[in-house]
Amino acid sequence: ASATLTHQERVTVRLVMTPDRVGLAETRRALSWTSLLGMHVDAVMVNKVLPPADYPPPVAGWANEQMRVLEETRQAFSLP
């Protein structure tokens, strides 16, 4: 079974995260483990991103934090 999972021509891994500090930390950890196991990660996807808008103050802080985490995610995983 492990030979199948590490067959880089047949199997790829896509990591999916939420745009928050915990999601970023867990995705970094998952990338490290999958790489150590010889698995090929071909994408990091971000789910549950708030669309750009003029949010009320309680939500605006959350949206701003998402934007900071998204920028850190782009840098961490060399994304466009």
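Structure: above.
A few points on the structure.

So, how was this worked out
- Residues numbered from 1 in each chain as written.
- Predicted model: local features only at pLDDT ≥ 70, side-chain atom pairs only at ≥ 80, totals over all residues.
- Heavy atoms only, no water.
- Helix = DSSP H or I, 4+ residues; strand = E, 2+ residues; numbered from the N terminus.
- Buried < 20%, exposed > 50% of the residue type's maximum accessible area, 1.4 Å probe, protein only.
- Pairing = 2+ DSSP bridges.

**Focus: unusual backbone geometry**
The bulk of non-glycine residues show a negative phi, and the bulk of peptide bonds are trans.
Okay, step 1: Of note in the backbone geometry, Lys48 takes a positive phi value of approximately 65 degrees without being a glycine.
Okay, step 2: When you line up the elements, Lys48 lands in the loop between β2 (41-46) and α3 (57-76).
Okay, step 3: Residue class for Lys48 comes out exposed when judged on its relative accessible area of 62%.

**Brief notes about the pairing of strand β1 (residues 13-17)**
A regular strand carries its side chains on alternate faces of the sheet.
Okay, step 1: Only one face of β1 is covered, namely the one carrying Val13, Leu15 and Met17; the face carrying Arg14 and Val16 has none of its residues buried.
Okay, step 2: The sheet contact formed by β1 and β2 spans five bridges and is parallel. Counted as the bridge partner of Met17 is Val46 from β2.

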